[in-house]
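Residue-level structure breakdown
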Amino acid sequence: MNILQALFFPPEQPGGVSSMIPYIQDRFIKMNWEMELFSLPKRVRGKGQEDIVFDTFDVKSYAGLPIVDKYLQTYRDYIWWTKRRITKSYDLIHAHHPIAGLVMKQLFPETPVLMTVHSSFERELALNGKIAEGGPEHRFLTSLYTELESKVDGMLTVSESFRQYLSPYLRQADQVKVIPNGFDEKRFRPVSHDNEIPQLITVCRLVPAKGLDILLHACAALKKRGHAFVLHIIGDGPIREQLEQLAVELDLYDEIIFYGYMLHPEEFMPFFDIFVLPSRAEAFGSVFAEAALCWLALVGTQVGGIAEQIDDGVNGLLVPSENPDALCDALEKLVTDPYYRYNMARSAWNKAKHDYSLQRVIHELKQVYTSQLQPPAKDALSPVDGE
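Calculation rules
- Residues numbered from 1 in each chain as written.
- Predicted model: local features only at pLDDT ≥ 70, side-chain atom pairs only at ≥ 80, totals over all residues.
- Heavy atoms only, no water.
- Pairing = 2+ DSSP bridges.
- Helix = DSSP H or I, 4+ residues; strand = E, 2+ residues; numbered from the N terminus.
- Salt bridge = Lys/Arg side-chain N within 4 Å of Asp/Glu carboxyl O.
- Buried < 20%, exposed > 50% of the residue type's maximum accessible area, 1.4 Å probe, protein only.
- pLDDT = per-residue confidence, 0-100.
- Contact = heavy atoms within 4.5 Å.
- Right-handed = clockwise from strand over helix to strand, strands pointing away.
- 1 Å grid on protein atoms, 1.4 Å probe; cavity = no way out; pocket = protein on both sides within 12 Å on 5 of 7 lines; lining within 4 Å.
- Points joined across faces, edges and corners; volume = space filled by probe spheres on them.
- Nonpolar A, V, L, I, M, F, W, Y, C, P; charged D, E, K, R; others polar.
- Core = buried A, V, L, I, M, F, W, Y, C linked by side-chain atoms within 4.5 Å.
- Polar contact = N/O pair within 3.5 Å; in protein donor to acceptor, adjacent residues only side chain to side chain.

Strand order across the open sheet formed by six strands is 2-1-3-4-5-6, with parallel pairing between neighbours. The open sheet terminates on both sides in strands that have one partner only, identified here as strand 2 (34-38) and strand 6 (177-178).

Structure (C-alpha cells):
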C-alpha cells in the first residue's frame, strides 16, 4: 500500500501534527508500507491563479475579505505546487489540513482521501481578536467543514470534544472517527532532578488564545502569597512584547524567563517540575501529553482536549479558563508539596504512556487505512437475481 500524508506546514515545524507525522511515517515504513510526506514550502506564495469553486457554498460572497482572500490564495498555491510535484499515483491520501484535503480530492478524484481535522483556525482567529465569531470570515472558515464532508472519503479528528465542536457544521458528525494524537516515547526521557525552587514551564505560541495573560496574573498572586518559583516561557509570537511588559508591571521580572522559539523543547522540558498552560481553547493540546511523558505535573484549563487528557486531581489539575485565582490555587498546591507534585507527575506519565503512545495511533490508522481500501461487500444474490 502506498500512502501520501498531505500536510500544510513542512514536517520540520515544531509541535502538533507537523512533528508527529514523520514518526508515523517511520513506523509504517518499518512495517513495509510505502508512505511519503507532502507539504507547501513557505517560499511558494502567490503562484496559483485558478478560480476556486466550492459545491456547498458560494465562495464569491466572501470576496474582498483580507483573511479569506489570503486563504484562497494559499489554496491556489497548494494546487499549483501539487500539480508540479506529485507525478505518481497513491493508493490513499491522508490530509491534515482543510486546504490539503480539498485540493487532493480535486486533483485526484479517484483516490480515496481521508481528512484529519486537527484544530479550528476560525476559533484561533476569534480568540486572538482577528475576526468576530459569527462574522463573514468565521462563516467562511466553518463552511469548509461542510465542504470537506461532502468531498472527502472519511473524516477524523483528535478529541471527542472537538468532534462535538464540529457537529453543527456537519450532517453526520457521528461518522467522524476520533484518534487522539500519539507520541514516540523515545523522544521523551524523564530526568531525575531536585530543584530547590520549583520550576514552572509553558510551551506555546505567544498569542491571546493561549491565556498567558491569565498565567502571569496567577503567578503574580502566587508571589504575593510568598511562594518562590521560576516560570520559563518557551515560544514566540505577536504578543511577546506585551507579555514582557505585563511581567514588569506585575513585578515578575525576576521570576520569568522568556526563551523565544525553540525547535525541540522536549529536550529541555524534563529538567522542570510543573507544566502549565491556561488555554482558552484547544482541540487536543499535544504539549500536555509531551510534558506528561517528560514526567511533569500538569495544570490546564477545562477546555477541549485538555480536559480529556487530565482527570482533575488524579493526573493533573484542571481550572476554569479566564480565572487567575483558581489557577493560582492549583499552582500553589503543586509548588508547596513536592510529594503531591511527584505523584501527579507519575500519574500523568502513566496515562500518557498508555493512552497517547505512537503505537496506538499506528494500530488505529492501520485499521482505518485498510478498511478504506477494502472493496465494499456485495449483497448476497436474491433467488431472482441468481436465476
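Turning our attention to the pattern of salt bridges. Going through the model one piece at a time under the given rule, you end up with 21 salt bridges. Linking Glu 266 and Arg 187 is a salt bridge whose minimum nitrogen-to-oxygen distance equals 3.7 Å. Here Glu 266 is found in the loop between strand 9 (256-260) and strand 10 (274-277), whereas its partner Arg 187 is found in the loop between strand 6 and strand 7 (199-203), with 79 residues between them in sequence. Side by side, Glu 266 and Arg 187 carry an identical accessibility label, which is buried. Two residues, Glu 332 and Arg 225, come together in a salt bridge whose shortest N-O distance is 2.7 Å. Separated by 107 residues along the polypeptide, Glu 332 in helix 11 (residues 324-336) and Arg 225 in the loop between helix 7 (212-224) and strand 8 (230-234) bring together distant segments of the chain.

Attention now moves to the confidence of the model for the chain. Summing up the model confidence of the chain, the mean pLDDT is 92 and the portion of residues at 70 or higher is 95%. Counted against residues more than four places away or in other chains, residues 379-387, with its pLDDT under 50, gives one contact.

This brings us to the pairing of strand 7. Of all the five residues making up strand 7, five are buried; the element is thus mostly covered by neighbouring parts of the structure. The side-chain alternation of strand 7 yields two buried faces, one formed by Gln 199, Ile 201 and Val 203 and the other by Leu 200 and Thr 202. Examined bridge by bridge, strand 7 and strand 8 share five bridges and lie parallel to one another. Paired with Val 203 across the strands is Ile 234, a residue of strand 8. The parallel pair strand 7 and strand 8 is bridged by helix 7, and the resulting crossover is right-handed. Bridge count between strand 7 and strand 10: two bridges; the pairing is parallel. From the neighbouring strand, Ile 201 faces strand 10, where its bridge partner is Phe 275.

Of the pockets and cavities examined, the second largest pocket occupies roughly 370 Å³. What lines the second largest pocket is a set of 16 residues, among which His 193, Asp 273, Trp 295, Arg 341 and Tyr 342 lie closest to the centre. The biggest single contributor to the lining of the second largest pocket is helix 12 (residues 338-355), with four residues. Among the residues making up the lining of the second largest pocket, the classes are represented as 10 nonpolar, three polar and three charged.

What follows deals with the nonpolar core. If you look at the biggest cluster of nonpolar residues, it comprises 111 residues, and the most contacted ones within it are Phe 54, Tyr 78, Phe 140, Phe 275 and Leu 331. Leaving out residues up to four positions away in the same chain, Leu 331 has contacts with Leu 200, Leu 215, Cys 219, Leu 222, Ile 274, Val 276 and Val 299. Ile 3, Leu 7, Val 361 and Val 368 belong to the second largest nonpolar core, which has 19 residues in total.

It is worth spelling out unusual backbone geometry at this point. Even without a glycine there, the phi angle at Asn 32 is positive, about 70°. With respect to the secondary-structure elements, Asn 32 resides in the loop between helix 1 (16-30) and strand 2. Positive phi is not limited to glycine here, since Trp 295 has a value of about 70°. By secondary structure assignment, the location of Trp 295 is in the loop between helix 9 (286-293) and strand 11 (297-301). The exposure class assigned to Trp 295 is partly exposed, which follows from its relative accessible area of 23%.

Among the secondary structure elements, Arg 163 is positioned in helix 6 (residues 160-166). Judged by its relative accessible area of 19%, Arg 163 is buried. A distance of 2.6 Å separates a polar side-chain atom of Arg 163 from the backbone oxygen of Val 176. Every residue in contact with Arg 163, bar those within four places of it in the chain, is listed here: Thr 157, Ala 173, Asp 174, Val 176 and Val 178.

Before going further, it helps to spend a moment on the environment of Asp 184. By the element assignment, Asp 184 lies in the loop between strand 6 and strand 7. Given the relative accessible area of 10%, Asp 184 is considered buried. As a C-alpha pair, Asp 184 and His 227 span 43 residues in sequence and 35 Å in three-dimensional space. In contact with Asp 184, not counting residues within four places along its chain, are Tyr 23, Arg 27 and Leu 358.

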